[in-house]
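Each chain, written out:
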Number of protein chains: 2
Amino acid sequence: MKQMIAIQGIPGSFHHQVAIQEYGREAEILTFSTFEEVAKAVFNEEATVGVMAIENSIAGAILPNYDLIDRYGLKIIGEYYLSISHQFMVLPGQKIEDIHEVRSHPMALLQCKAFLNHYPQIKRIDDIDTATVAKRISEQKLKGVAAIASEIAAEIYNLEILVSDIQSVKSNFTRFIFLGKTAQPKDQTPNKASIKITIQNKAGSLARLLTHFSNLHLDLSKIQSIPVIEKPWEYAFFIDLVFDNYHDYHEAMRVAKAEFGELKILGEYHNRKA
Amino acid sequence: MKQMIAIQGIPGSFHHQVAIQEYGREAEILTFSTFEEVAKAVFNEEATVGVMAIENSIAGAILPNYDLIDRYGLKIIGEYYLSISHQFMVLPGQKIEDIHEVRSHPMALLQCKAFLNHYPQIKRIDDIDTATVAKRISEQKLKGVAAIASEIAAEIYNLEILVSDIQSVKSNFTRFIFLGKTAQPKDQTPNKASIKITIQNKAGSLARLLTHFSNLHLDLSKIQSIPVIEKPWEYAFFIDLVFDNYHDYHEAMRVAKAEFGELKILGEYHNRKA
């Protein structure tokens, strides 16, 4: 079956890069302007897979995306860690001395501040995202303007990378997840799961839950409480668990459900973190 | 001493509203365009207090702001929960039939979607923030354009609120914190603390830490793991603790430091959450 991959953003975005790296160049890419449209496309089976950034090392978890997965009842079928590299790109033939302005997403400009400080004559301008600037430079043949975007953006829009990997933080990962309408048959036994659990706010109940997980050799790779709760005496948590033994995990979920509160398994998949 | 309050955003922003509600209209407001400049102003003692949004019910924790507090060594001296209400405002005399476009921050437009759906003729346009649009309508006497912003923005920029409280989610709180250069003498014994703790990734160490807190009657009001770690065998967590007995809290911190890892107390203050 041909994969139809829904992404947020235009061709050349980091979401596009992840889709290609995971599903290959033959997969069909459906682009949407919001994450909600991506979730809907998977829900409506217009797309077979949705790609969604879920957390990054700078801004942390992207909670609204968790909410979308929850609300549309989608399943996390896999994950991908992309090391974010920024490329300084221009119309072919332009030299760095020709450039008087650089445009990108504010976060990308911030991540490349140290590099840009060497070129005080280049004005930094916040723009809507990284790939859109590359597209605009290409389509409007903009001279004197540089984009900061992904390698794939340079390739798609025929721009020349003048300087590679200009980001200051070298270990800037974004974690992406792949979403399906239902859980998929697995090639491998899953060794990671994402859950949402709502527990009664009895003193120490989270401590007891985590002790229970620990006794069954589940490791936490992520935990996040959900800040504002309609029911003030309950807490909800998004938790990622890593484990070696699927049966232990299964048993942990059984007890969590029976003794701790409402449990929703957002997905079981293969751990990609090194 | 006159309070000099550093905020991110322009007059009329939600940060401004929090500053006024907490420190009164006589406090001097210093406006900055980034959170980093707010942190710097407190660090340099240009401001006595900084106001910073730290989490909201929709997007979750604002991790880069935690990073700023940590990096500038500032102290959290208090907190404030603001119920975010959006007002639909126009130049005085304009009626809703006159309006063909509404501009605001994308999140504000999203929060008022149900209301805006009743007016399909009004085009929604993403803009930089809420108060800036109000300011622009006022200064340029823009007819036909509405802003969605705070009550204080309407007051400052002499706009007329045509429809009040147009947000769909009625319990949309943003939590703000007040920052000082050092911990302040307290009128009341603190009953809440924000800490950052880095613990060795030995199986179950977080479970043990939370059990220890629970035994000393500390309640967790928030926990968040920090996603990407330079040292892959350590985890760091931002945790908010609520307690009745300051001595129990103090003892818990002593043990946390001695037995669990690196501890940083970001602030001790009075719990404002209902």
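Residues numbered from 1 in each chain as written. Chains lettered and ligands numbered in written order. Predicted model: local features only at pLDDT ≥ 70, side-chain atom pairs only at ≥ 80, totals over all residues. Heavy atoms only, no water.

As recorded by an unreviewed UniProt entry, chain A carries the name prephenate dehydratase and is attributed to Algoriphagus formosus. The UniProt entry for chain A carries the following text under Catalytic activity (unreviewed entry): "prephenate + H(+) = 3-phenylpyruvate + CO2 + H2O". Per its UniProt entry, chain A bears the Pathway (unreviewed entry) comment "Amino-acid biosynthesis; L-phenylalanine biosynthesis; phenylpyruvate from prephenate: step 1/1." (UniProt positions renumbered as here; feature names shortened; annotations may be inferred.)

So, about the nonpolar core. Counting residues in hydrophobic clusters, the biggest one holds 48 residues, and the most contacted among them are Phe213 of chain A together with Phe213 and Ile239 of chain B. Residues within four places of Ile239 of chain B in sequence aside, it is in contact with Ala193, Ser194, Ile195, Ile197, Leu209, Leu210, Phe213, Leu220, Lys222 and Ile223 of chain B. The next biggest cluster of nonpolar side chains, apart from the first, holds 25 residues, and it includes Phe32, Phe35, Ala39 and Ile76 of chain A. (Core = buried A, V, L, I, M, F, W, Y, C linked by side-chain atoms within 4.5 Å. Buried < 20%, exposed > 50% of the residue type's maximum accessible area, 1.4 Å probe, protein only. Contact = heavy atoms within 4.5 Å.)

Of the residues making up helix H3 (residues 63–71) of chain B, those classed as buried are Leu63, Asn65, Tyr66, Leu68, Ile69 and Asp70 of chain B. Backbone geometry just downstream of H3 of chain B places Gly73 of chain B in the positive-phi region, at approximately 60°. (Helix = DSSP H or I, 4+ residues; strand = E, 2+ residues; numbered from the N terminus.)

Right, let's talk about the pattern of salt bridges for a bit. Evaluated as defined, the whole model comprises 32 salt bridges over all chains. A salt bridge links Arg103 of chain A to Asp127 of chain A, with the nearest nitrogen and oxygen atoms 3.1 Å apart. With Arg103 of chain A in strand S7 (residues 101–104) and Asp127 of chain A in the loop between strand S8 (123–126) and helix H6 (130–139), the pair connects residues that are 24 residues apart, well separated along the chain. The class for Arg103 of chain A is partly exposed, based on a relative accessible area of 21%. For Asp127 of chain A, a relative accessible area of 14% corresponds to the buried category. The partner of Arg25 of chain B in a salt bridge is Glu155 of chain B, with the nearest N and O atoms 2.9 Å apart. Remark: Glu155 of chain B occurs in helix H7 (residues 151–156) and Arg25 of chain B occurs in the loop between helix H1 (14–23) and strand S2 (28–32); sequence separation between them is 130 residues. A residue is classified by how much of its surface remains accessible, and Arg25 of chain B, at 56% relative accessible area, is exposed. Since its relative accessible area comes to 45%, Glu155 of chain B is described here as partly exposed. (Salt bridge = Lys/Arg side-chain N within 4 Å of Asp/Glu carboxyl O.)

A word on the sheet that holds strand S9 (residues 145–149) of chain B. All names here are of chain B. The five strands lie next to each other as S8-S7-S9-S6-S10, forming an open sheet whose pairing is mixed. Looking at strand neighbours, the two that pair on one side only are strand S8 (123–126) and strand S10 (160–163), the edges of this open sheet. When strand polarity is set aside, the average angle formed by the axes of neighbouring strands in this sheet is 35°. Here three bridges tie strand S7 (residues 101–104) to S9, and the two strands are oriented parallel to one another. Opposite Arg103, over in S9, you have Ala147 as the bridge partner. Sheet strands touched by helix H6 (residues 130–139): strand S6 (87–90), S7 and S9. Its angle to S9, the strand with the most contacts, is close to 145°. (Pairing = 2+ DSSP bridges. Axes fitted to C-alpha atoms, helices over the stretch in contact; angles between N-to-C directions.)

Let's shift gears to the sheet that holds strand S10 (residues 160–163) of chain A. All names here are of chain A. Across the sheet, which stays open at both edges, the five strands sit in the order S8-S7-S9-S6-S10 with mixed pairing between neighbours. The sheet is open, and its two edges are formed by S8 and S10, each paired on a single side. Ignoring strand direction, the axes of neighbouring strands in this sheet form an average angle of 35°. Across the sheet, H6 lies against strand S6 (87–90), S7 and strand S9 (145–149), angled at about 145° from S9, the strand it touches most.

The next point concerns the pairing of S2 of chain B. Where strand S1 (residues 4–8) of chain B lies against S2 of chain B, five bridges are found, and the strand directions are parallel. Along S2 of chain B, the bridge assignment pairs Ile5 of chain B with Ile29 of chain B.

Turning to the side chain of Gln224 of chain B, a few remarks are in order. By the secondary structure assignment, Gln224 of chain B is in strand S13 (residues 219–225). Within the structure, Gln224 of chain B has its side chain in polar contact with the side chain of Gln224 of chain A (distance 3.4 Å). (Polar contact = N/O pair within 3.5 Å; in protein donor to acceptor, adjacent residues only side chain to side chain.)

Another point: helix H8 (residues 205–215) of chain B. All names here are of chain B. Where burial is concerned, most of H8 is hidden: eight out of the eleven residues are buried. Buried within H8 are the following residues: Ser205, Leu206, Ala207, Leu209, Leu210, His212, Phe213 and Ser214. Looking at the residues trailing H8, positive phi occurs at His217, about 65°.

Residues and elements named next belong to chain B. Taking every second residue as pointing to the same face, both faces of S6 are buried, with Gln87 and Met89 on one and Phe88 and Val90 on the other. Two strands pair when backbone bridges link them, and S6 and S9 are joined in this way by three bridges, in the antiparallel orientation. When the sheet's bridge partners are listed, Gln87 is paired in S9 with Ala149. Pairing between S6 and S10: three bridges, direction antiparallel. Paired with Met89 across the bridge in S10 is Ile161.

Residue and element names in this part refer to chain A. The domain boundaries assigned to chain A delineate domain 1 (4–83 + 172–180), domain 2 (87–163) and domain 3 (192–268). Facing eleven residues of domain 1, the contacting portion of domain 2 comprises 13 residues. Summing the contributions of domain 1 and of domain 2, the shared interface buries around 930 Å²; its carbon and sulfur component is 65%. Joining domain 1 to domain 2, the criterion identifies one salt bridge. If you look at where domain 1 meets domain 2, you find three residue pairs in polar contact (both at pLDDT 80 or more). Across the side of domain 1 that touches domain 2, the residue classes tally to five nonpolar, five polar and one charged. (Domains from an automatic or database assignment. Buried area = accessible area lost by both parts, 1.4 Å probe. Nonpolar A, V, L, I, M, F, W, Y, C, P; charged D, E, K, R; others polar.)

Moving on: the packing of aromatic side chains. Evaluation of the coordinates by the stated rule reveals 18 aromatic pairs over all chains. Between Phe243 of chain A and Tyr249 of chain A the ring centres are 4.4 Å apart and the planes differ by 5°, which places this aromatic pair in the stacked class. By relative accessible area, Tyr249 of chain A is classed as buried at 0%. Here the aromatic rings of Tyr246 of chain B and Tyr249 of chain B are separated by 5.5 Å at their centres, their planes lie at 55°, and the arrangement is tilted. Here Tyr249 of chain B and Tyr246 of chain B lie together in helix H9 (residues 246–259), a separation of three residues that amounts to about one turn. On the basis of relative accessible area, Tyr246 of chain B is assigned to the partly exposed category, the value being 24%. An aromatic cluster of at least three residues, connected via ring pairs, comprises Tyr23, Tyr80 and Phe178 of chain A. (Phe/Tyr/Trp six-rings, centres within 6.5 Å; stacked < 30°, edge-to-face > 60°.)

Quick look at unusual backbone geometry now. The phi dihedral of His217 of chain A is positive, around 65°, even though this residue is not glycine. Structurally, His217 of chain A is set in the loop between helix H8 (205–215) and strand S13 (219–225). For His217 of chain A, a relative accessible area of 58% translates into the label exposed. Even without being a glycine, Asn158 of chain B presents a positive backbone phi close to 50°.

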